[in-house]
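Report on the structure
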Amino acid sequence: EDFIYPGEITQLRPGTKKTGVKMIPQYVVIHDTGMTNLEDDVSGLSRYIHAQASSPQGRVASWHFSLDDKECYNHVPTDEQAWHAGDGSNAFGTKYFNSNYQKECIGGGNQNGIGIETCINPDNDYPLTVLRLARLTAELLFKYNLDITRIKQHYDFSGKNCPNVIRSTQGLWEMLLAATKVELELCRLGGINK
């Protein structure tokens, strides 16, 4: 746990004191950081999100998990809203047109999505990160009784080309879904050690 808290300067975790805005998760939303410096690993992301949460000029963006090949940090509880999907306050089950990206998108990413940022920095073993992403995603699907169709890309909610590495690597999205299906079945069989 590496929580940012409501009541800091920005609204990265909407709410008051140490209680954020509750949500019922309907999606697991996959991102990659787009950050390619050596220090842009999970601990670097932690420093970044906490600096943004403590700055009057901080970027209003937050997510639930940061993940690389070695560690996973949880920044916002999974039953609370974060700002990661780029769909504003569009509700689950709605569609809207994002004029910035000229794309029809789905709503509910911010209000009902658990955001996972994967690190793509040069020291990161990205194939291992993707396998760890499949496991974390499956555990979240299992916990909230969601099926594989509830795994979405940031792109689905805003039209932004994210997760860029997965989207630009032929077949990688399909491989992530396949690996997540295996991990989800192991969760159902009780075969995953948490």
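Residues numbered from 1 in each chain as written. Predicted model: local features only at pLDDT ≥ 70, side-chain atom pairs only at ≥ 80, totals over all residues. Heavy atoms only, no water.

**Notes on the overall build of the chain**
Across its full length, the chain holds six helices and nine strands. Its C-alpha radius of gyration of 16 Å places the chain within 12% of the 16 Å reference for a compact globule of 194 residues. Along the longest, intermediate and shortest principal axes, the C-alpha atoms of the chain span 45 × 35 × 35 Å. Looking at the chain as a whole, 51% of its 194 residues are labelled buried. Contacts in the chain between residues at least 24 apart in sequence constitute 68% of all its contacts with a sequence separation of at least 6. Carbon and sulfur atoms make up 51% of the accessible area of the chain, which amounts to about 9,400 Å² in all. (Helix = DSSP H or I, 4+ residues; strand = E, 2+ residues; numbered from the N terminus. Rg over C-alpha atoms; globule rule 2.2 N^0.38 Å. Buried < 20%, exposed > 50% of the residue type's maximum accessible area, 1.4 Å probe, protein only. Contact = heavy atoms within 4.5 Å. Areas by Shrake-Rupley, 256 points an atom, 1.4 Å probe, with all protein chains shown as cover.)

**Describing unusual backbone geometry**
With an omega of 5°, the peptide bond between Cys162 and Pro163 qualifies as cis. Among the structural elements, Pro163 can be located in the loop between α4 (154-158) and α5 (164-168). Although it is not a glycine, Gln102 adopts a positive phi angle of roughly 55°. Counting through the fold element by element, Gln102 comes out in the loop between β6 (95-98) and β7 (103-106). The exposed category is assigned to Gln102, whose relative accessible area is 57%. In this model, Asn145 sits at a positive phi of 55°, which is unusual for a non-glycine residue. Position of Asn145 relative to the elements: it lies in the loop between α3 (126-143) and β9 (151-153). Asn145 sits in the exposed class, given a relative accessible area of 72%.

**So, the nonpolar core**
The biggest cluster of nonpolar side chains holds 24 residues, and the ones touching the most others in it are Ile30, Ile116, Leu133, Leu140, Ile166 and Leu176. Secondary structure elements with two or more residues in this core: β3 (27-32), β4 (65-67), β8 (113-118), α3 and α6 (172-189). In terms of residue count, the dominant contributor to this core is α3 (eight residues). Beyond its immediate sequence surroundings of up to four residues, Ile30 is in contact with Ile116, Leu133, Thr137, Ile151, Lys152, Gln153, His154, Cys162, Pro163, Ile166 and Trp173. Formed by eleven residues, the second largest nonpolar core is a distinct cluster that contains Leu45, Ala53, Tyr73 and Val76. (Core = buried A, V, L, I, M, F, W, Y, C linked by side-chain atoms within 4.5 Å.)

**Remarks on the sheet that holds β4**
A sheet is described by the order of its strands in space; here five strands give the open sequence β5-β4-β8-β3-β9, paired in mixed fashion. Since the sheet does not close on itself, it has two edges, and those belong to β5 (72-74) and β9, each with one partner. Shown here is a sheet whose adjacent strand axes are inclined to one another by a mean of 25°, direction ignored. Across the face of the sheet, α3 comes into contact with β3, β4, β5, β8 and β9 while running at roughly 165° to β8. Packed on one face of the sheet, α6 meets β3 and β9 and runs near 160° to β9. (Pairing = 2+ DSSP bridges. Axes fitted to C-alpha atoms, helices over the stretch in contact; angles between N-to-C directions.)

**So, the side chain of Asp40**
Position of Asp40 relative to the elements: it lies in the loop between β3 and α1 (42-53). At 6.8 Å, Arg47 is the nearest oppositely charged side chain to Asp40, a buried residue that forms no salt bridge. Polar side-chain contacts of Asp40 include one of 2.9 Å to the backbone nitrogen of Asn37. In this view, Asp40 contacts Met35, Cys119 and Asn121; residues no more than four positions away in its chain are not counted. (Lys, Arg positive; Asp, Glu negative; His and termini not counted. Salt bridge = Lys/Arg side-chain N within 4 Å of Asp/Glu carboxyl O. Polar contact = N/O pair within 3.5 Å; in protein donor to acceptor, adjacent residues only side chain to side chain.)

**Describing the environment of His75**
Structurally, the position occupied by His75 is in the loop between β5 and β6. Along the chain, His75 and Tyr101 lie 26 residues apart, while their C-alpha atoms are 28 Å from each other. The residues contacting His75, other than those within four sequence positions of it, are Asp2, Phe3, Ile4, Ser46, Ile49, Trp63, His64, Phe65 and Ser66. Reaching out from His75, the side chain makes a polar contact with the side chain of Ser66 at a distance of 2.7 Å.

**Things to note about α3**
Between its first and last C-alpha, α3 extends 25 Å over 18 residues, near the 26 Å set by a 1.5 Å rise per residue. Along α3, the residues classified as buried are Tyr126, Thr129, Val130, Leu133, Ala134, Leu136, Thr137, Ala138, Glu139, Leu140 and Leu141. Looking one or two places after α3, you find Asn145, whose phi comes out positive at around 55°. (Expected span 1.5 Å × (residues − 1).)

Purely geometric numbers; function is a separate question.
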